[in-house]
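Commentary on secondary and tertiary structure
So the chains spell out like this:
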Amino acid sequence: MITADFRAKAETEWQNITDPSVPQIFIGMATCGEAAGALSIYKAMESALIKNRIKARIHKTGCLGMCYCEPMVDIIKPGRPRITYKNLTPETAAELITDYLINDNYRPDLALGVWGKEFDGIPNLFQLDFMKFQQRTALKNIGVINPEDISQYIACGGYKAFEKALGTSQQDIIYEVEKSGLRGLGGAGFPTGLKWKTCYKARYSPKYMICNADEGDPGAYMDRSLLESDPHSVLEGMLIAAYAIGCSRGYIYIRDEYPLAIKRMAIAIEQMRQYGLLGDNILNSDFSFDIEIREGAGAFVCGEESALLASIEGNRGMPRHRPPYPAESGLWGKPTDINNVKTLANIPSIIINGAEWFAGRGTESSKGTAIFALTGKVANRGLIEVPMGITLRQIIYDIGGGIPDGKAFKAVQTGGPSGGCLPADLLDLPIAFDSLAAAGSIMGSGGMVVLDEDTCMVDVARFFLDFAQQESCGQCIPCRLGTKQMFEILDDITKGNGKQTDVDVLLELSDSIVKTSLCGLGRTVPNPVLTTIRYFRDEYDSHINDKQCPSNVCQALINGGQSDE
Amino acid sequence: MNKIHLTINDNQFEAEPGATIMEVALENNIYIPHLCYNPDLVPGGICRLCRVEINNDKLALACRTPVEEGMIVRTNTPEIDAAIRPIVELIIADHHSTCRGCPANGKCELQKIMAHLHIDRRRIDNLRLPQNDLPLEALTPFLDYDPNKCVRCGICVQTCEKIYGTSHIYFLNRGYDTKIAYFETVAHCDFCMECVKNCPVGVLIPKNV
Ligand SMILES: Cc1cc2nc3c(=O)[nH]c(=O)nc-3n(C[C@H](O)[C@H](O)[C@H](O)COP(=O)(O)O)c2cc1C
Ligand code: SF4
Ligand code: SF4
Ligand code: SF4
Ligand code: FES
Ligand code: FES
């Protein structure tokens, strides 16, 4: 056990931070915050503190997921609630030090919200539209704690789930996860408990545990934010999975474009070692397990599980035909459990609160919450965790604040590059694995891009097929030649060189590629084409028959007429 | 070991346990389109053409699916045709050579598939064809490589690997640009001609040395 002493000490320390005797400053310093200028905010605040000889403590936190408010800073002044400030500049950040810490003017003009009851006109942060419809489970600690300090995680209840798991039988944990109805959040939505059970029952050893943190979808950053803002929740999920299945070794496969995530994961793993949470006889039990970070080399398809295995084994990252599935024959031919970052971050809450609690939210066949990166033409952009079954309208209008600049909504693209585009008619569609699939899209790994009236849907399809043909590994014929052919046809259509037969050819090719490709990439990349044809057929017809781009996007067609390209 | 009994296209067959549907079908003169299958190699399952219907339900790869007692296999349903015809058309659209003078002419697996499916050239005209013929490339000191004809089935790589433990030729690049290239490793290509013999089409051309 993590000694009661240590847990008590961590809790006291945390108490001293949340109810402090000197001001506590929290600066959101995940990649997103740093990109928005958090580093210069940090420097400005630090020098303002020194200049004014103020004693205060600065904490680097991860991100709260409110991209539209970055850079953000929280301040707790003794006796006051935690106040979050938004869209700061180095100047306004320095002003906060003098105005609030010295003169007690808490600058309502810069404030976003308070952590708790409304305070003198500043609203409760968690009652803001962006927050109040969310149910944060996997994301519960992001932006709250310092991701580089294990004791803050422990003070917030961390590793209690793992301790509870150690006192439970392996079968009971797997049964609990099965009962919860949790489905993998890496894209395929496969029932997590079932995967664990298959791997547990596989007769060969050693067994391996892999956390898939490849996140290659352009524009996706859910996994990155979680790794950077709350690494221990993912690691605790891994520990529980490894214990339940009987794995002796684990790998986290992170893309090398995520240096901060890699650094924070490495720090977190080191701290786990210090506290006896990794290595031989973890917390004096019979369970031994260690984790290693593997950096991914970049290609999108390396996130596909069989390609990921090849890559860890040191081979070219190419998918291979399945079955056999990794749970039976994975890394070096041994049983291997592969789970996504978000899937794993859900595990501790399931162990602590029980399967019924988890299954109490969501829909019949999709339990719990979904995590999306809400981007595109929407007022409030950011990272959201919402109950399964919420409608697209609630996400885009209630949470996202609608379409900016008075423009009209046109479509929403869910699920990353192989997701579909859904039209306004489907705004009341409840979001779940199956409802999205029935509409021609996918949950995918959680991308959600809102498109407004200025978007040409043929151009959108062309954009995604361009991505697909570049990312195809080139191994199987339908995907290698099919994505290339579909891209060439779409490119021609947007240039005014479409043929009458093109839409039928696209439909036929899509159908064949979906049915025959070797891996999930080929099987899903036609989705943007299929859905834009299904819901926006008139735009294809205008491009092909009238040589017009109704949204005035396709350069070659803007004045009508055929291009000479 | 007991024999396995199965039905292929309404006819009864007997097979050895462990045999794949492809092996049993070919043995009994039932043709299933294939490009990446070679009886001497481990099937990679990458050309995706050998679709068959199993037990009136799902489509599976004949080259990778072992036969089972009582299995009902069909090789010629409309669903199979709809799944693989577009792929074959894509290959032909990308394969812009005439067969005249091709070393594979007459024993080419692609010609066999085209005949089997009665490929209609007019449908291929609806596709976008590559702009230019690519030049022949020197693959090894003894072999030229015709990138216009290569279907990227990987049989040459596997053949070389099987003989020498490590292949001297291997896939290069990704996506559409994938091709076979020479990797001079420990030994060099010693002109055994086995890959040339196994190539299902006419890509590898021995140089006159
Ligand atoms: C082309 C492609 C890319 C993928 N990329 C990722 C990825 O970046 N992260 C991920 O977790 N899963 C990815 N997947 C899904 C994985 O193959 C696998 O289903 C997943 O990691 C399993 O974890 P889960 O059960 O927790 O969802 C990808 C799949 C495909 C076909
Ligand atoms: S579907 Fe595409 S990415 Fe997947 S194996 Fe085939 S060529 Fe490679
Ligand atoms: S490889 Fe076959 S189809 Fe291609 S040119 Fe030669 S004979 Fe004809
Ligand atoms: S050269 Fe022949 S055997 Fe090798 S990949 Fe190309 S088509 Fe296949
Ligand atoms: S605020 Fe961190 S991801 Fe948006
Ligand atoms: S022969 Fe079966 S996939 Fe190529």
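Residues numbered from 1 in each chain as written. Chains lettered and ligands numbered in written order. Predicted model: local features only at pLDDT ≥ 70, side-chain atom pairs only at ≥ 80, totals over all residues. Heavy atoms only, no water.

Here's the deal with the overall build of chain A
Rules: For the purposes of this entry, the term helix denotes a DSSP run of H or I that reaches at least four residues, the term strand denotes a run of E that reaches at least two, and both are numbered from the N terminus. Values of the radius of gyration come from C-alpha atoms, whereas the globule rule sets the reference at 2.2 Å times the count of residues to the power 0.38. Residue burial is assigned from relative accessible area. The probe radius is 1.4 Å, only protein chains are included, and a residue is buried under 20% of its type maximum, exposed over 50%, and partly exposed in between.
Regarding its fold elements, chain A presents 22 helices and 14 strands. For chain A, whose C-alpha radius of gyration is 25 Å, the value lies close to the compact-globule estimate of 24 Å for 565 residues. The principal-axis extents of the C-alpha atoms in chain A amount to approximately 75 × 60 × 40 Å. In chain A, buried positions account for 62% of the 565 residues.

Comments concerning the domain arrangement of chain A
All names here are of chain A. This is how it is decided: Domain limits in this description derive from either an automatic procedure or a database domain assignment. Contacts are assigned to residue pairs with any non-hydrogen atoms lying within 4.5 Å of each other. Two parts lose some accessible area (1.4 Å probe) when they are put together, and adding that loss for both gives the buried area.
For chain A, the assigned domains are domain 1 (18–128), domain 2 (158–358), domain 3 (369–452) and domain 4 (457–557). Each of domain 1 and domain 2 has a C-alpha centre, and these two points are 34 Å apart. Taken together, the contact pairs eight residues of domain 1 with seven residues of domain 2. A buried area of about 560 Å², summed over both sides, lies between domain 1 and domain 2, and 48% of it is on carbon and sulfur atoms.

Some words on the pairing of strand 6 (residues 137–140) of chain B
Residues and elements named next belong to chain B. Quick note on the threshold: When DSSP finds at least two bridges between two strands, those strands are taken to pair.
In terms of strand pairing, strand 6 meets strand 7 (residues 143–145) through three bridges, oriented antiparallel. Bridged to Ala138 within strand 7 is Asp144. Where strand 6 folds back on strand 7, the antiparallel hairpin that results is connected by two residues.

Structural notes on the interface of chain B and chain A
To keep things clear, this is the line we draw: For this analysis, a salt bridge means a side-chain nitrogen from Lys or Arg found within 4 Å of a carboxyl oxygen belonging to Asp or Glu.
Taken together, the contacts link 31 residues of chain B with 36 residues of chain A. Across the interface of chain B and chain A, roughly 2900 Å² is buried in total on both sides, 54% from carbon and sulfur atoms. Across the chain B-chain A interface, the total number found is four salt bridges. Here Asp492(A) and Arg128(B) are joined by a salt bridge, their closest N and O atoms 2.5 Å apart.

Overview of helix 4 (residues 90–102) of chain A
Owing to its 3.6 residues per turn, the α-helix aligns residues three or four sequence positions apart on the same side. Residue and element names in this part refer to chain A. Formally: Given the number of residues in a helix, its expected span is that number minus one, multiplied by 1.5 Å.
Between the first and last C-alpha of helix 4 there are 18 Å, a value that for 13 residues agrees with the 18 Å anticipated at 1.5 Å per step. For helix 4, the elements touching its buried residues are strand 1 (24–28), helix 3 (38–51), strand 3 (73–76) and strand 4 (82–85). One or two residues past the end of helix 4 sits Asp104, with phi positive at roughly 60 degrees.

Section: the packing of helix 8 (residues 170–180) of chain A against helix 9 (residues 192–201) of chain A
Residues and elements named next belong to chain A. What counts here: Axis geometry follows a simple rule: fit a line to the C-alpha atoms, using only the stretch in contact for helices, then measure angles between N-to-C directions, giving values from 0 to 180 degrees. Any angle that is under 35 degrees is reported as roughly parallel, and any over 145 degrees as roughly antiparallel; angles of 65 to 115 degrees are reported as roughly perpendicular and all others as oblique. A crossing counts as left-handed when the near helix is turned anticlockwise from the far one by less than a right angle, and as right-handed when that turn is clockwise. Polarity classes work like this: nonpolar for Ala, Val, Leu, Ile, Met, Phe, Trp, Tyr, Cys and Pro, charged for Asp, Glu, Lys and Arg, and polar for all others, with Gly in that last group.
Where helix 8 meets helix 9, the closest approach of the two axes is 7 Å, and the angle between their N-to-C directions is 150 degrees. Here helix 8 lies roughly antiparallel to helix 9, going by the angle between them. In this structure, helix 8 meets helix 9 at a crossing whose hand is left-handed. Of the residues in helix 9, those touching helix 8 at Gln170, Gln171, Ile173, Ile174, Val177 and Glu178 are Thr192, Gly193, Leu194, Trp196, Lys197 and Tyr200. Class assignment for the residues of the contact of helix 8 with helix 9 results in six nonpolar, four polar and two charged.

Considerations on the site of ligand 2
Stated formally: A single heavy atom is enough: if one lies within 4 Å of a molecule or strand, its residue is considered near that molecule or strand.
If you check the shell around ligand 2, you find Val301(A), Pro319(A), Ser472(A), Cys473(A), Gly474(A), Gln475(A), Cys476(A), Cys479(A), Ser517(A), Leu518(A), Cys519(A) and Gly522(A) and nothing else. When its residues are assigned to classes, the shell around ligand 2 shows seven nonpolar, five polar and no charged.

Some remarks on the sheet that holds strand 9 (residues 336–340) of chain A
Residues and elements named next belong to chain A. Strand order in this open sheet of four strands is 8-7-6-9, and the pairing throughout is parallel. The open sheet terminates on both sides in strands that have one partner only, identified here as strand 8 (290–296) and strand 9. Going across the sheet, the axis of each strand differs from the next one's by a mean of 20 degrees, ignoring polarity. Pairing of strand 6 (residues 208–213) with strand 9, which is carried by five bridges, proceeds in the parallel orientation. Looking at the pairing, Tyr208 lines up with Thr336 of strand 9. The sheet contacts of helix 11 (residues 231–245) involve strand 6, strand 7 (249–255), strand 8 and strand 9, and relative to strand 6 the element is tilted by about 150 degrees.

Remarks on the site of ligand 3
Residue and element names in this part refer to chain B. What surrounds ligand 3 is the set His95, Thr98, Cys99, Cys102, Ala104, Asn105, Cys108, Leu110, Gln111, Lys149, Val201 and Gly202. The class makeup of the residues in the shell around ligand 3 is six nonpolar, five polar and one charged. Both domain 2 (82–124) and domain 3 (137–206) contribute no fewer than three residues apiece to the shell around ligand 3.

What to know about the nonpolar core
Quick reminder of the rule: Here, nonpolar core means buried Ala, Val, Leu, Ile, Met, Phe, Trp, Tyr and Cys residues that are tied together by side-chain atoms lying within 4.5 Å of each other.
The biggest cluster of nonpolar side chains holds 109 residues, and the ones touching the most others in it are Met66(A), Tyr159(A), Phe162(A), Leu235(A), Leu239(A), Ile252(A) and Phe289(A). Counting residues per element, this core draws most heavily on helix 11 of chain A, which supplies 10 residues. Once residues within four sequence positions are removed from consideration, Met66(A) is found in contact with Met72(A), Leu112(A), Leu125(A), Leu128(A), Phe130(A), Met131(A) and Arg381(A). One finds Leu490(A), Leu509(A), Leu35(B) and Tyr145(B) within the second-largest nonpolar core, a separate group that totals 78 residues.

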